[in-house]
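Fold and geometry: a report
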Amino acid sequence: MKKLISGSLAVLTVLVFCAGDGRAASEAVKSPEISLALEPAQYAFVNGDASQFRAHHWMATGASGGVKEFGFEDEYPEGVTLTAEGHAIPDNGDYGAEIKLEKEGFGYLLLDYTQFRKYYGSSGGLYNAFTTLKSSDTDRDLTLNIGELSLEAGLRMENLPEITLDYTHEFKYGTKSRLTWTGVTEGPTVSGGAPDVLRKIGPSWQQIDEDVNKFGIKAEDELYGFHWHSEQEWEYVRAKNLREEKNLSTTPAAASGSNSDQKIRDQYTEPRSDLFTTILGLNKWFTKDKVYASSDYRFSQLNGRELENTLELDQNGVPTNFSNPETILDAHSDNLYTSNTWVGSVSSFLWNPLTVNTRLKAESIGRTSASTYPHDNSPANNNGASKPNGAVDQIDVSENQSKVSNFGEGLSFRYTGIPRTAIYNEYEFQQTRNNLYEDRRSPSAGEVFSRQSISHMYRGSGVLGASFSPWNPVTLTTDVRHREDAIHYNNVRYTDNSASGAKSVFIDAQDIETNEWSSKIRFRPCRWFQPSFRVQLQDTAYETQGSPDSDNWQEAGMESQIYTWDVVIQPVDALLTTTSLSVQKAKMFTPARFDTTPASRPTYNADVLSALFSAEYSVNPDVVLTGLTQWSDAGDFNNLGGAISYGADYTELDVSVGVRWTPRKDMTIEPKVAYYRYDPSPDLELGGYDAQVVSLDVSFKWG
């Protein structure tokens, strides 16, 4: 609330400052130009899940209003200009303001403030076989306010380097939903005394309070025909977060409250990081502006630290250690990340129809990290549970080190020697070597773990495309892309499975191959009819090899097709319509398609059909009718062989109509009515709604 109030005061201060005083106005070269757009009234009527509506449309329910847009511009003697703009919709947490004071030949001062609000749905997943806990809600207002305040000063004087100083403060506070869905347990779902059923469909949330402060200085100039630039930036991130995961169950709790199916886990974290970055660059034109070369170097160092406390509670809110204790006391991790990166490029225009670009990259990265994880493992005694006593019973220690070398090359061509045709060809390659050490020590044998792995990653991609216009009304663009990623791991050492409970099947190799083809044709036979059609096809194949089972390659793949049709029709000058239709199809193949287990994920499809129609009709120069319709249908997601689905199957419709009336040249009045409907499949998701939104916008201009 404190930041929200300060944001509101900042916007009001900006608006007052923009108005200026009488003395400044009398010295102005001309009268200032002022524009004001008000949203004096908006009301959203929602029947259904209001949190889902807010999450989809970033719009508050009920009444709202404010300043939709404010603008100010004025000129003063000696080349001084003042411009400002802003908006404020308090009920949506939407604020913004920008002021720029500039003097020609000297420099400028820029102040910018922005804040907006994100909404989140408050429910988790859905399991129809349950009768009591088929779906649950967090019962919290899940909104996150995100904002930024920046101040920038630039010196722009002749014969001096361009120097820019900037400061930015970013903030984020509120509560959001998380996808770490919790366990929900319900008694027998069928007759005959079947055991309890557990499904991960319970919602979870995280409270966030984060601040980021950035300081920077930039300079650039010309020296002996070379253009140089340098940047220095410091960034400091501080945050305090709380994430809560609450399990649910229909099983009656014991008198002691020790039912682990109803436990609550609260995780408190305080991440912080300090980032230091330096950038140096140089570029120049050669051979009478036929060759352009540039080179840049970047050094960055990140120091990160995080403090964590995790507390588990029973359903009564009493701290409790269950059979697998997760009470963590003052765990912390430290990370040091350092990178040195050099990039260079050369562009050649020596032969007029042919352009050649080359790019090179070399990078060295080092990372060291360490963490301690103190546990409070009080002995289990209370029906498999006990109260933590605040004493550390076990400390897990992890140490990691990674050294990465990365090289990249790029080459591209563009040829325009064929009439009405442009052909382009591009290649990119990357080679990466990562030497990783991981060691984990613990009094518990199940937590002992150690390995060294040297991975080699190779990536290559190529594009061949062309743009062709056989005659003026027709333009055709098409390109083919091929990409290969090969990752090979050399597991030099790792903990023997017989010596530790921390077992794993490591990846020995993975190959990914992707082929894409896209094409678009635009046809403009006349001014009033302009259609276009686009097709995008993609086929990706995955092959993964594990260790110690290195003889068995696991194969997976994905195919997708997107077809888009757009048409602009203007049969008469007063009527303009736009229509868009998109069909998206996707098909996923996983190794589980050969598994007969009902809970496995076989081959499945994902299809989305969407359409958009907009129209604008001028009754006369002062009255314009507007309309917009959007429709989407997602289906065929729930074909997972009877298992719980985390997909989506829904129909969504948005319709809005409005009138833009200009009773005089400096005033516009625009009433609007909108209808929103979200209709999910009852087998997959709750959260449907019908909503009607009525709004009125009024705009003024002076000067």
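Located above this text is the structure these notes cover.
1. Thoughts on the overall build of the protein
A tally of regular secondary structure across the protein gives three helices and 27 strands. Counting across all 703 residues of the protein, residues that qualify as buried make up 35%. For the protein, long-range pairs separated by at least 24 residues make up 64% of all intrachain contacts whose partners lie at least 6 apart in sequence. Split by element, the accessible area of the protein, about 37,800 Å² in all, is 56% carbon and sulfur.

2. Observations concerning the nonpolar core
Counting residues in each nonpolar core, the largest one holds nine residues, listed as Ala44, Phe53, Met59, Ala674, Tyr676, Tyr678, Tyr689, Ala691 and Val693. Within the residue set of this core, elements represented by two or more residues are β26 (667–680) and β27 (689–702). If we ignore the near neighbours within four places in the chain, the residues touching Met59 are Gln42, Phe53, Arg54, Asn92, Tyr119, Tyr676 and Val693.

3. Here we look at the pattern of salt bridges
Scanning all chains against the criterion turns up 28 salt bridges. Of the charged contacts in the structure, one is a salt bridge between Lys68 and Asp697, with a shortest N-O distance of 2.7 Å. Residue Lys68 is found in strand β2 (residues 62–76), and its partner Asp697 is found in strand β27; the two are separated by 629 residues along the sequence. When the shortest N-O distance is used, the salt bridge between Glu245 and Arg265 registers 4.0 Å. Of this pair, Glu245 sits in strand β9 (residues 226–246) while Arg265 sits in strand β11 (residues 264–286), placing them 20 residues apart in sequence.

4. Concerning the packing of aromatic side chains
Here the distance between the centres and the angle between the planes together describe a pair of aromatic rings. The tally for this structure, following the rule as stated, stands at 18 aromatic pairs. Centroid distance Phe700 to Trp702: 5.9 Å. Interplanar angle 20°. Geometry classified as stacked. Accessibility expressed as a relative area gives 43% for Trp702, which makes it partly exposed. Taken together, the aromatic side chains of Phe53, Tyr650, Tyr676, Tyr678 and Tyr689 make up a single cluster linked through ring pairs. Taking NZ or CZ as reference, Lys284 lies 5.3 Å from the ring centre of Phe226, over its face.

5. Focus on the environment of Pro680
With respect to the helices and strands, Pro680 occurs in strand β26. By relative accessible area, Pro680 is classed as buried at 10%. The spacing of Pro680 and Ala634 is 46 residues in sequence and 9.1 Å in space, taken between C-alpha atoms.

6. Points about the side chain of Gln115
Within the fold, Gln115 resides in strand β5 (residues 107–119). In this structure the side chain of Gln115 is engaged in a polar contact, spanning 2.7 Å, whose partner is the side chain of Tyr113.

7. Some details on a negative patch on the surface
A cluster of like negative charges, contributed by Glu484, Glu513, Asp539, Glu543 and Glu555, occupies part of the molecular surface. Along the chain, Asp539 falls in strand β20 (residues 529–547).

8. Focus on a positive patch on the surface
A cluster of basic side chains, namely Lys520, Arg522, Arg524 and Arg534, defines a positive patch on the protein surface. With respect to the secondary-structure elements, Arg522 resides in strand β19 (residues 506–523). Classification of Arg522 as partly exposed rests on a relative accessible area of 38%.

9. Brief notes about unusual backbone geometry
Even without being glycine, Asn159 reaches a positive phi, approximately 70°. With respect to the helices and strands, Asn159 occurs in the loop between β6 (143–155) and β7 (162–186). Located in the positive-phi region is Arg420, a residue other than glycine, with phi close to 60°. By relative accessible area, which is 42% here, Arg420 ends up partly exposed.

10. Looking at the pairing of strand β16 (residues 421–441)
Pairing geometry for strand β15 (residues 394–415) and β16, over 19 bridges, is antiparallel. Pairing of Gly408 across the sheet is with Gln430, part of β16. The hairpin formed by β15 and β16 contains five residues between the paired strands, and Arg420 there has a positive phi angle of roughly 60°. Where β16 and strand β17 (residues 449–468) come together, 20 bridges link them in antiparallel fashion. Pairing of Asn425 across the sheet is with Leu464, part of β17.

11. Some thoughts on the pairing of strand β24 (residues 623–635)
Within a regular beta strand, the side chains point alternately toward one face of the sheet and then the other, so they alternate between its two faces. With 13 bridges joining them, strand β23 (residues 604–620) and β24 adopt antiparallel strand pairing. Following the sheet pairing, Asn620 is matched in β24 by Val623. In this antiparallel pair of consecutive strands, β23 and β24, the connection spans two residues. Strand direction decides the pairing type here: β24 and strand β25 (residues 650–664), joined by 12 bridges, are antiparallel. Across the sheet, the residue bridging to Gly627 is Val657, located in β25.

12. A few points about the environment of Trp631
Relative to the assigned elements, Trp631 resides in strand β24. Distance in space between the C-alpha atoms of Trp631 and Phe613 is 9.0 Å, their sequence separation being 18 residues. Residues in contact with Trp631, not counting those within four places in the same chain, are Leu609, Ser610, Ala611, Thr651, Glu652 and Leu653.

13. As for a nonpolar patch on the surface
On the surface, Tyr43, Phe45, Val657, Val673 and Val694 cluster together into a nonpolar patch covering about 430 Å² of accessible area. Mapped onto the secondary structure, Tyr43 falls in strand β1 (residues 33–48). Judged by relative accessible area, Tyr43 falls into the partly exposed class, the value being 37%.

14. With respect to the environment of Tyr604
For Tyr604, the position within the fold is in strand β23. Residue Tyr604 is classed as partly exposed on the basis of its relative accessible area of 21%. Residues Tyr604 and Thr590, 14 residues apart in the sequence, show an inter-C-alpha distance of 8.9 Å.

15. A few points about helix α3 (residues 50–57)
Of all eight residues making up α3, six are buried, and the element is well covered by its neighbours. Contact partners of the buried residues in α3: β1, β5, β25, β26 and β27. Trp58 sits one or two residues past α3 and shows a positive phi near 50°.

Reading guide: rules and limits
- Residues numbered from 1 in each chain as written.
- Predicted model: local features only at pLDDT ≥ 70, side-chain atom pairs only at ≥ 80, totals over all residues.
- Heavy atoms only, no water.
- Helix = DSSP H or I, 4+ residues; strand = E, 2+ residues; numbered from the N terminus.
- Buried < 20%, exposed > 50% of the residue type's maximum accessible area, 1.4 Å probe, protein only.
- Contact = heavy atoms within 4.5 Å.
- Areas by Shrake-Rupley, 256 points an atom, 1.4 Å probe, with all protein chains shown as cover.
- Core = buried A, V, L, I, M, F, W, Y, C linked by side-chain atoms within 4.5 Å.
- Salt bridge = Lys/Arg side-chain N within 4 Å of Asp/Glu carboxyl O.
- Phe/Tyr/Trp six-rings, centres within 6.5 Å; stacked < 30°, edge-to-face > 60°.
- Lys NZ or Arg CZ within 6 Å of the ring centre and 35° of its normal.
- Polar contact = N/O pair within 3.5 Å; in protein donor to acceptor, adjacent residues only side chain to side chain.
- Patch = residues over 30% accessible without salt bridge, like charges linked within 9 Å, V, L, I, M, F, W, Y side chains within 5 Å.
- Lys, Arg positive; Asp, Glu negative; His and termini not counted.
- Charge placed at Lys NZ, Arg CZ, Asp CG, Glu CD.
- Pairing = 2+ DSSP bridges.

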